[in-house]
Amino acid sequence: MGLFRKKCEYCKNKIDKGKELFRDVKDPVFVGTREKAFCSEEHADSYEREMEEHMKKPRQGGGCCG
């Protein structure tokens with residue numbers, strides 16, 4: 001029964017218990033890092049690269065407050 005299986009942060013596929021790879025990565029929503037589950041080293045590396053690129057982009061203001 002896969003009720004409490006983790007999902008890979010990169011590909012969103014479910015990971016069997018005991019086979020997940022945990023890594024502290026930067027989450028753009030929070031300050032600092034969070035531990036996230038990945039299905040492979042390649043997906044963890046890809047996620048980190050994409051987050052670095054995402055954080056480099058200048059933020060454009062929108063809405064009523066800028």
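Procedures and definitions
Residues numbered from 1 in each chain as written. Predicted model: local features only at pLDDT ≥ 70, side-chain atom pairs only at ≥ 80, totals over all residues. Heavy atoms only, no water. Helix = DSSP H or I, 4+ residues; strand = E, 2+ residues; numbered from the N terminus. Buried < 20%, exposed > 50% of the residue type's maximum accessible area, 1.4 Å probe, protein only. Contact = heavy atoms within 4.5 Å. Core = buried A, V, L, I, M, F, W, Y, C linked by side-chain atoms within 4.5 Å. Polar contact = N/O pair within 3.5 Å; in protein donor to acceptor, adjacent residues only side chain to side chain. Pairing = 2+ DSSP bridges. Phe/Tyr/Trp six-rings, centres within 6.5 Å; stacked < 30°, edge-to-face > 60°. Lys NZ or Arg CZ within 6 Å of the ring centre and 35° of its normal. Expected span 1.5 Å × (residues − 1). Arc of directions from axis to C-beta.

1. Description of the overall build of the protein
Then comes step 1: A count of helical and extended segments in the protein gives one helix and four strands.
Then comes step 2: When burial is assessed residue by residue, the protein has 21% of its 66 residues classed as buried.
Then comes step 3: Summarising the internal contacts of the protein: among those between residues at least 6 apart in sequence, 32% fall at separations of at least 24.

2. Here we look at the nonpolar core
Buried together is how nonpolar side chains tend to be arranged in soluble globular proteins.
Then comes step 1: Counting residues in each nonpolar core, the largest one holds eight residues, listed as Cys 8, Ile 15, Val 25, Ala 37, Phe 38, Ala 44, Tyr 47 and Met 51.
Then comes step 2: Mapped onto this core, the elements with two or more residues apiece are β4 (33-38) and α1 (41-56).
Then comes step 3: The element best represented in this core is α1, accounting for three residues.
Then comes step 4: Contacts of Phe 38, omitting those with residues within four sequence positions, involve Cys 8, Glu 9, Tyr 10, Ile 15, Glu 20, Leu 21, Arg 23, Val 25, His 43, Ala 44 and Tyr 47.

3. Topic: the side chain of Asp 27
Then comes step 1: Turning to its location among the elements, Asp 27 is positioned in the loop between β3 (21-26) and β4.
Then comes step 2: Asp 27 gets classed as buried once you look at its relative accessible area, which sits at 10%.
Then comes step 3: Engagement of the side chain of Asp 27 in a polar contact is seen with the side chain of Lys 36, the distance being 3.2 Å.
Then comes step 4: In contact with Asp 27, not counting residues within four places along its chain, are Gly 32, Arg 34 and Lys 36.

4. Notes on the pairing of β3
Then comes step 1: Direction of pairing for β3 relative to β4: antiparallel, over a ladder of six bridges. Across the sheet, the residue bridging to Lys 26 is Thr 33, located in β4.

5. Digging into the packing of aromatic side chains
To describe a pair of aromatic rings, one takes the distance between the centres and the angle between the planes.
Then comes step 1: According to the stated counting rule, one finds one aromatic pair in the structure shown.
Then comes step 2: Between the aromatic rings of Phe 38 and Tyr 47, the centroid separation amounts to 5.4 Å while the plane-to-plane angle is 55 degrees, which identifies the pairing as tilted.
Then comes step 3: Here Phe 38 falls in the buried class, since its relative accessible area comes to 0%.
Then comes step 4: Against the face of Phe 30 rests Arg 34, its NZ or CZ located 3.9 Å from the ring centre.

6. Some details on α1
Then comes step 1: Counted at 1.5 Å a residue, the expected span for α1 with its 16 residues is 22 Å, and the 23 Å between its end C-alpha atoms agrees.
Then comes step 2: Every buried residue belonging to α1 is among Ala 44, Ser 46, Tyr 47 and Met 51, and all of these are buried. End-on view of α1: buried residues confined to an arc of 165 degrees, all on one side of the axis. Exposed residues lying more than 90 degrees from the buried face of α1 are Glu 42 and Lys 56.
Then comes step 3: In this structure, the buried residues of α1 make contact with β3 and β4.

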